[in-house]
Amino acid sequence: MLCRQPRCFKPQVVFQEVPDEISLAFTVLGCPLRCEGCHSQDSWDTEQGEVLSKEKLQEYLERYQGMVTCVLFFGGEWHSSWLCECLEIAREMGFKTCLYTGKEKITKRITQYLTFLKTGPWLKDKGGLANKNTNQKLIHMESGNLLSYRFWGDQ
């Protein structure tokens, strides 16, 4: 059974958050960071969504197997044991994994399960990954390569 199970919005299939991947994205509720200008303030409320149990996660992953290539968590690092278990399940089922966090660094306990990691808070004067001057980084964990440039387009 998963440790302390947080609530999540129902997952969505997303195409732009991880280059060259079709991701099943879970927004984990209860973010403690409360970044100024956050575009996901609806995710701060811990009473919305549904509990994401081990069984429910596996059900979603089985449903989307062969249609998505990556499992993405928007947050959840504040529930590290739970997140590690979720990431391990996803990897065991053959999915790549990604975490989007507003933190600058994440523990090795979590990063060992990640294929990709997006770090850094959203700062109004720096913008998000689409801005060349952003403080945010998308990292391919195995190679250590920064993939942020993949969001820049023709700037």
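In this text, all values refer to a predicted model and were calculated from it rather than measured experimentally. (Residues numbered from 1 in each chain as written. Predicted model: local features only at pLDDT ≥ 70, side-chain atom pairs only at ≥ 80, totals over all residues. Heavy atoms only, no water.)

Draft legend 1. Layout of the overall build of the chain. What the chain contains, in helices and strands, is three helices and eight strands. When the helices and strands of the chain are listed from N to C terminus, the series reads β-β-β-β-α-β-α-β-α-β-β. Taking all 155 residues of the chain together, the buried fraction comes to 45%. Of all intrachain contacts in the chain linking residues separated by at least 6 positions in sequence, the fraction that spans at least 24 positions is 54%. With an accessible surface of roughly 8500 Å², the chain has 48% of that area assigned to carbon and sulfur atoms. (Helix = DSSP H or I, 4+ residues; strand = E, 2+ residues; numbered from the N terminus. Buried < 20%, exposed > 50% of the residue type's maximum accessible area, 1.4 Å probe, protein only. Contact = heavy atoms within 4.5 Å. Areas by Shrake-Rupley, 256 points an atom, 1.4 Å probe, with all protein chains shown as cover.)

Draft legend 2. Up close: helix H2 (residues 80-92). Taking 1.5 Å per residue, 13 residues should reach 18 Å; H2 reaches 18 Å between its end C-alpha atoms and fits that length. Inspection of H2 places Trp82, Leu83, Cys84, Cys86, Leu87, Ile89 and Ala90 among the buried residues, and these make up the whole buried set. Looking at the buried residues of H2, the elements they touch are strand E1 (7-8), helix H1 (54-64), strand E5 (70-74), strand E6 (96-100) and helix H3 (108-111). Looking one or two residues past H2, Gly94 carries a phi angle of roughly 95°, positive in sign. (Expected span 1.5 Å × (residues − 1).)

Draft legend 3. Representation of the nonpolar core in the model. Core analysis: the biggest nonpolar cluster contains 27 residues, and Phe26, Leu52, Leu61, Phe73, Trp82, Leu99 and Ile110 have the highest contact counts within it. Mapped by element, the contributors of at least two residues to this core are strand E3 (23-27), H1, E5 and H2. Top contributing element to this core by residue count: H2, with seven residues. Excluding its chain neighbours within four sequence positions, the residues that come into contact with Phe26 are Pro11, Leu52, Leu57, Tyr60, Val71, Leu72, Phe73 and Phe74. If you look at the next biggest cluster of nonpolar residues, it comprises eleven residues, including Val18, Leu72, Tyr100 and Leu147. (Core = buried A, V, L, I, M, F, W, Y, C linked by side-chain atoms within 4.5 Å.)

Draft legend 4. Local environment of unusual backbone geometry. For Asp20, which is not glycine, the phi dihedral falls at a positive 70°. As for its position among the elements, Asp20 is in the loop between strand E2 (12-14) and E3.

Draft legend 5. Spotlight on the sheet that holds E3. Taken in spatial order, the six strands line up as E2-E3-E5-E6-E7-E8 in an open sheet, and their pairing is mixed. Taken across any chain shown, the strands that pair with only one partner, and hence form the sheet edges, are E2 and strand E8 (137-140). Recorded for the sheet is a direction-independent mean angle of 25° between the axes of neighbouring strands. (Pairing = 2+ DSSP bridges. Axes fitted to C-alpha atoms, helices over the stretch in contact; angles between N-to-C directions.)

Draft legend 6. Region of interest: the pattern of salt bridges. Under the definition given, this model contains five salt bridges. Residue Lys10 is joined to Glu50 by a salt bridge in which the shortest nitrogen-to-oxygen separation is 3.5 Å. Taken together, the residues span a long stretch of sequence, with Lys10 in the loop between E1 and E2 and Glu50 in strand E4 (residues 50-51) at a distance of 40 residues. A relative accessible area of 59% places Lys10 in the exposed class. Judged by its relative accessible area of 18%, Glu50 is buried. One continuous salt-bridge network, built from bridges that share partners, spans Lys56, Glu59 and Arg63. (Salt bridge = Lys/Arg side-chain N within 4 Å of Asp/Glu carboxyl O.)

Draft legend 7. Broad picture of the pairing of E6. Burial analysis of E6 places four of its five residues in the buried class, the great majority of the element. Pairing analysis gives five bridges linking E5 to E6, with the strands arranged parallel. Pairing of Val71 across the sheet is with Thr97, part of E6. Once you follow E5 into H2 and on to E6, the crossover reads as right-handed. (Right-handed = clockwise from strand over helix to strand, strands pointing away.)

Draft legend 8. Spatial organisation of a nonpolar patch on the surface. Taken together, the side chains of Val13, Phe15 and Ile22 present a nonpolar region at the surface, about 260 Å² in accessible area. As for its placement among the helices and strands, Ile22 is situated in the loop between E2 and E3. Judged by its relative accessible area of 31%, Ile22 is partly exposed. (Patch = residues over 30% accessible without salt bridge, like charges linked within 9 Å, V, L, I, M, F, W, Y side chains within 5 Å.)

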